Amino acid sequence: MSGSPGKRIVAGVPSLWLLVLFAIPFLIVLKISFSEVRLAMPPYSPLLENGRLQPHLSNYAFLFTDPLYVRSLLYSLKVAAVSTLLCILIGYPMAYAIARSGATARNALLMMIVLPFWTSFLLRVYAWMGLLKNDGVVNNVLMYLGLIHRPLVLLNTDFAVYIGIVYSYLPFMILPLYANLEKHDVTLLEAAADLGAHPFAVFRRITLPLSLPGIAAGSLLVFIPAVGEYIIPSLLGRSDQLMIGRVLSDEFFENRDWPVASAVAILMLLLLVVPIMLLQRVERRTLEAAK
Amino acid sequence: MSSAARPQSEECYVRIAGVSKRFGDFMAVDEVSLDVRRGEIFCLLGGSGSGKTTLLRMLAGFETPSAGTIHIDGQDMSAVPPYQRPVNMMFQSYALFPHMTVEKNVAFGLEQENLDRTQIRRRVGEMLEIVKMGAFTARKPHQLSGGQRQRVALARALVKRPKLLLLDEPLAALDRKLREHTQFELLNIQKQLGVTFMVVTHDQEEAMTLATRMGVMNHGKIVQVGTPADIYESPATRFVADFIGSVNLFEGEVLEGMPAGVRSSELGAVTPVARGVAVTSGATAWVALRPEKIRIGKAPPQADEPGVRGRVTEVAYLGDLSVYLVRIESGRVLRVTRPNVIRAPEDRIAGGEEVYLSWHASSALVLTQ
């Protein structure tokens with residue numbers, strides 16, 4: 001970073017923030033992942049013992065010997081991927097409608113997207129338990145209408161997890177998509193129509209490709225936290241198939257196996273670096289095009 | 001008007017009949033009727049808010065007329081959506097697709113027709129050669145200069161061989177030198193392809209160079225239609241006279257006589273009314289005098305020419321010509337221009353000097369509205 005002192009301060013504050021609250025804790029976790037469990041305080045072996053470096057790779061090896069970890073990881077990736085896809089399918093039309101509505105309606109609609117954040121996240125997930133349980137609102141209404149005669153099992157299923165994640169993360173898909181779609185030049189759509197493109201072709205050839213950065217940003221904001229989601233699957237999900245976030249927390253708090261928990265955390269991080277790098281490529285390309 | 005003498009056999013290609021467009025309380029286009037002939041360049045000239053762009057957008061199909069009909073080549077366009085009209089448009093902002101290369105942009109329209117790939121490639125290549133952009137096929141719009149973008153936009157609009165090409169302020173985004181050059185190139189391309197052009201512009205110079213005929217719009221109405229020379233030399237109203245070029249206008253009163261004349265105390269002279277202009281004696285009329293049609297000199301003019309005396313208040317030297325502001329006896333200030341034919345004229349006129357203004361009797365026009 002060169003330039004004036006002002007510039008250096010502006011760039012320096014977030015850099016310091018990242019160093020203190022991300023880089024250093026990450027290095028600590030990385031260090032712990034290479035140690036062994038000890039019944040001590042703290043409950044792991046020091047990396048530097050008797051003046052010698054003693055890294056243990058056993059934690060990582062363990063993750064691949066016990067199928068629990070790989071299965072949880074794959075299950076988490078699947079849940080996150082399906083949820084992201086659902087968020088795109090539901091969020092895209094909503095974001096598009098908001099971006100194309102009038103100024104007053106637009107503000108009201110955006111407000112409605114953000115409004116749920118005013119209630120505690122935990123409370124909202126509990127509310128879904130109340131809605132989905134056997135004698136919950138959904139089952140009661142369906143039975144009252146005579147559509148079903150026996151309550152459906154909704155709670156503690158994959159279905160409930162998808163509902164919980166899509167419901168909670170939908171705004172994170174809609175907002176970046178809206179920010180992208182709102183900037184689109186309407187004359188481009190007119191130009192495409194003028195050149196003979198039907199409305200669907202206009203969407204496929206113009207709107208969709210131009211909104212890819214918005215889709216990418218929204219997908220990352222949904223996918224990454226969804227992979228490590230802990231509360232939603234714990235409250236709404238199955239008990240026979242845990243997501244990786246729950247496994248990590250159990251490892252840490254129940255088993256008090258900090259090294260294995262750290263190894264799980266590092267593995268998760270490595271897996272999530274791939275989509276982040278993909279997004280950066282898309283963003284770099286759009287930045288170049290915008291120049 | 002002289003357009004009455006024009007042969008009527010020329011084909012009417014685009015017929016706009018009684019078209020209006022209302023946005024809420026605002027009448028953007030007010031009962032416009034207009035015929036455009038095959039192969040001509042028709043310019044719609046008007047200020048902002050005159051309704052010219054709305055009229056163009058109705059031809060493209062982006063707006064539906066509140067009343068009236070539009071026929072293109074005999075076909076009623078009322079129920080035809082933009083993507084099925086035999087019309088293409090070049091947008092003022094060019095509206096090039098930012099995520100596509102030059103070649104892809106131009107091919108877009110042909111791809112919608114499901115032509116086979118080799119044919120598309122050939123036609124895109126030909127069109128890019130015509131606009132001299134053959135060397136830039138792989139560039140994206142952001143890698144092009146303004147003039148290059150304009151060419152790509154033109155190629156994209158022409159490649160589908162439209163019956164009518166609509167151009168919305170085609171040269172507005174170019175700088176002055178490039179604009180002059182492009183004007184003549186646009187004329188060449190139009191001649192080469194024989195497409196009918198309809199150009200919307202607020203720039204009278206652009207309209208005058210491009211147009212075979214032009215229509216002047218004001219407050220949603222077409223005020224006058226004619227060749228550029230018709231409109232400049234025989235404006236129908238004070239608005240047209242003032243909008244196209246500059247003009248000195250004097251209010252006066254119609255005198256009875258054979259022929260009738262207009263006496264204007266503002267001008268301090270009686271101007272005969274030309275044949276064909278209907279006037280009623282005693283009514284208010286206006287005398288219009290173009291600045292370049294007024295002779296200025298220190299010596300008195302020939303006796304048989306109308307003229308007035310005045311004093312120069314301001315001189316602006318513009319290189320090719322000089323502009324003089326002259327206060328005449330009535331107190332009105334006239335604008336007079338004189339080309340600088342000689343490098344250092346002996347009769348150089350300076351501010352504060354006493355001068356004689358005169359003009360040919362037929363140069364002063366009488367306008368009734």
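Bear in mind the structure is a predicted one, so any value in this text is a computation, not a measurement. (Residues numbered from 1 in each chain as written. Chains lettered and ligands numbered in written order. Predicted model: local features only at pLDDT ≥ 70, side-chain atom pairs only at ≥ 80, totals over all residues. Heavy atoms only, no water.)

S.K.: Would you explain the overall build of chain B in this entry?
M.R.: Check the secondary structure of chain B and you find eight helices and 20 strands. For chain B, the spread of C-alpha atoms along the three principal axes comes to 75 × 50 × 40 Å. Scored against the burial criterion, the 369 residues of chain B give a buried share of 46%. A distance of 5 Å separates the average location of the 44 positive side-chain charges in chain B from that of its 41 negative side-chain charges. (Helix = DSSP H or I, 4+ residues; strand = E, 2+ residues; numbered from the N terminus. Buried < 20%, exposed > 50% of the residue type's maximum accessible area, 1.4 Å probe, protein only. Lys, Arg positive; Asp, Glu negative; His and termini not counted. Charge placed at Lys NZ, Arg CZ, Asp CG, Glu CD.)

S.K.: Whenever I open this one, the overall build of chain A confuses me. Can you help?
M.R.: Across its full length, chain A holds 13 helices and two strands. By its C-alpha atoms, chain A is 75 × 70 × 35 Å across when sized along the principal axes. When each of the 291 residues of chain A is scored for burial, the buried share is 38%. Counting contacts in chain A only where the partners sit at least 6 residues apart, residues at least 24 apart contribute 69% of the total. With the model as given, the accessible surface of chain A reaches about 16600 Å², and the carbon-plus-sulfur share is 71%. The average position of the 22 basic charges and that of the 17 acidic charges among the side chains of chain A differ by 5 Å. (Contact = heavy atoms within 4.5 Å. Areas by Shrake-Rupley, 256 points an atom, 1.4 Å probe, with all protein chains shown as cover.)

S.K.: Mind showing me how you'd approach the sheet that holds strand S19 (residues 354–358) of chain B here?
M.R.: Strands belonging to one sheet form pairs held by backbone hydrogen bonds; the direction of such a pair is parallel or antiparallel. All names here are of chain B. Read from one edge to the other, the open sheet built from five strands follows the order S15-S19-S16-S17-S18, with strand pairing classed as antiparallel. Every interior strand has two partners, whereas the edge strands, strand S15 (295–297) and strand S18 (333–339), have only one. For this sheet, the mean angle separating the axes of adjacent strands, direction not counted, is 40 degrees. Relative to S18, strand S17 (residues 321–328) runs antiparallel, the two sharing seven bridges. Note on S18: the bridge partner recorded for Arg327 is Val333. (Pairing = 2+ DSSP bridges. Axes fitted to C-alpha atoms, helices over the stretch in contact; angles between N-to-C directions.)

S.K.: I would appreciate a short explanation of helix H1 (residues 52–60) of chain B in the present structure.
M.R.: One turn of an α-helix holds 3.6 residues; hence residues three or four places apart share an orientation. Counting buried residues along H1(B), eight of its nine residues qualify, which places the element largely inside the surrounding structure. Here H1(B) has its buried residues at B:Lys52, B:Thr54, B:Leu55, B:Leu56, B:Arg57, B:Met58, B:Leu59 and B:Ala60.

S.K.: What's the story with unusual backbone geometry in this structure? I'm lost.
M.R.: Generally, phi is negative for residues other than glycine and the peptide bonds are trans, each holding for most cases. Going from A:Met41 to A:Pro42, the amide bond is cis rather than trans, its omega being -10 degrees. Assignment of secondary structure puts A:Pro42 in the loop between helix H1 (5–33) and strand S1 (48–49). For B:Asp73, which is not glycine, the phi torsion reads 50 degrees and is therefore positive. As for its placement among the helices and strands, B:Asp73 is situated in the loop between strand S4 (67–72) and strand S5 (75–76). On the basis of relative accessible area, B:Asp73 is assigned to the partly exposed category, the value being 32%.

S.K.: Looking at this structure, how should I read a nonpolar patch on the surface?
M.R.: Residue and element names in this part refer to chain A. There is a patch of nonpolar side chains on the surface, built from Leu16, Trp17, Leu18, Leu19, Val20, Leu21, Phe22, Ile24, Ile28, Leu269, Val273 and Met277 and spanning about 1200 Å² of accessible area. Counting residues per element, the ones that place at least two in the nonpolar patch are H1 and helix H13 (258–290). With nine residues, H1 is the largest single contributor of residues to the nonpolar patch. Leu19 sits in the partly exposed class, given a relative accessible area of 43%. (Patch = residues over 30% accessible without salt bridge, like charges linked within 9 Å, V, L, I, M, F, W, Y side chains within 5 Å. Salt bridge = Lys/Arg side-chain N within 4 Å of Asp/Glu carboxyl O.)

S.K.: When you look at the packing of helix H5 (residues 121–132) of chain A against helix H6 (residues 137–144) of chain A in this model, what are you seeing that I'm missing?
M.R.: A pair of packed helices is captured by two measures, namely the crossing angle of their axes and the spacing between those axes. Residues and elements named next belong to chain A. Interaxial distance between H5 and H6 falls to 4 Å at its minimum, and their mutual angle equals 25 degrees. Viewed along their axes, H5 and H6 adopt a mutual orientation that is roughly parallel. Of the residues in H6, those touching H5 at Gly130, Leu131 and Leu132 are Val137, Val138 and Asn139. Tallied by class, the residues present in the contact of H5 with H6 amount to four nonpolar, two polar and no charged. (Parallel < 35°, antiparallel > 145°, perpendicular 65-115°, else oblique. Nonpolar A, V, L, I, M, F, W, Y, C, P; charged D, E, K, R; others polar.)

S.K.: I tried to follow helix H10 (residues 212–227) of chain A on my own but got confused; where do I start?
M.R.: Residue and element names in this part refer to chain A. Over its 16 residues, H10 runs 22 Å from end to end, which matches the ideal 22 Å to within 8%, given 1.5 Å per residue. Of all the 16 residues making up H10, twelve are buried; the element is thus mostly covered by neighbouring parts of the structure. Along H10, the positions that sit buried rather than exposed are Pro213, Gly214, Ile215, Ala216, Ala217, Gly218, Ser219, Leu220, Val222, Phe223, Ala226 and Val227. (Expected span 1.5 Å × (residues − 1).)

S.K.: I'm lost on the interface of chain A and chain B in this one. Help?
M.R.: Taken together, the contact between chain A and chain B spans 21 residues of the former and 24 residues of the latter. Across the interface of chain A and chain B, roughly 2000 Å² is buried in total on both sides, 61% from carbon and sulfur atoms. On the chain A side of the interface with chain B, the three residues burying the most area are A:Asp194, A:Leu195 and A:Arg205, jointly 37% of the side's total. At the boundary of chain A and chain B, one finds two salt bridges. At the junction of chain A with chain B, the criterion picks out six residue pairs in polar contact (both at pLDDT 80 or more). (Buried area = accessible area lost by both parts, 1.4 Å probe. Polar contact = N/O pair within 3.5 Å; in protein donor to acceptor, adjacent residues only side chain to side chain.)

S.K.: Can you help me understand the environment of A:Ala226 in this one?
M.R.: Residue and element names in this part refer to chain A. Relative to the elements of secondary structure, Ala226 occurs in helix H10. A sequence separation of 107 residues divides Ala226 from Thr119, and the C-alpha atoms of the two residues are 20 Å apart. When sequence neighbours within four positions are dropped, the list of residues in contact with Ala226 reads Ala80, Ile165, Tyr169 and Met243.

S.K.: Please explain the pairing of strand S11 (residues 248–255) of chain B as it appears in this structure.
M.R.: A regular strand carries its side chains on alternate faces of the sheet. Residues and elements named next belong to chain B. By the bridge criterion, six bridges tie S11 to strand S14 (residues 284–289) in an arrangement that is antiparallel. The partner of Phe250 across the bridge, within S14, is Val287. Bridge count between S11 and strand S12 (residues 261–264): three bridges; the pairing is antiparallel. The partner of Val254 across the bridge, within S12, is Val262.

S.K.: Looking at this structure, I do not really get the side chain of A:Ser35. What am I missing?
M.R.: Residues and elements named next belong to chain A. Of note, Ser35 is situated in the loop between H1 and S1. Ser35 gets classed as buried once you look at its relative accessible area, which sits at 1%. Of the polar contacts made by the side chain of Ser35, one reaches the backbone oxygen of Ile32; its length is 2.6 Å. Residues contacting Ser35, with those up to four places away along its chain left out, are Tyr44, Ser45, His56, Asn59 and Pro259.

S.K.: Would you mind going over the pattern of salt bridges with me for this structure?
M.R.: Opposite charge on two side chains permits them to pair, given that their charged atoms come into close proximity. Within this structure, the stated rule accounts for 25 salt bridges over all chains. Measuring nitrogen to oxygen at the nearest pair gives 3.8 Å for the salt bridge that ties B:Arg121 to B:Glu103. Taken as a pair, B:Arg121 in helix H3 (residues 117–130) and B:Glu103 in helix H2 (residues 102–111) lie far apart in primary sequence, 18 residues in all. With a relative accessible area of 57%, B:Arg121 lands in the exposed category. Judged by relative accessible area, which is 26%, B:Glu103 ranks as partly exposed. B:Lys132 is the salt-bridge partner of B:Glu185, the closest N and O atoms lying 3.3 Å from each other. Of this pair, B:Glu185 sits in helix H5 (residues 176–193) while B:Lys132 sits in the loop between H3 and helix H4 (146–158), and the two are 53 residues apart along the sequence. With a relative accessible area of 15%, B:Glu185 lands in the buried category. Through salt bridges that share partners, A:Asp158, A:Arg238 and A:Asp240 make up one connected network.

In short, shape yes, function no, at least from these values alone.
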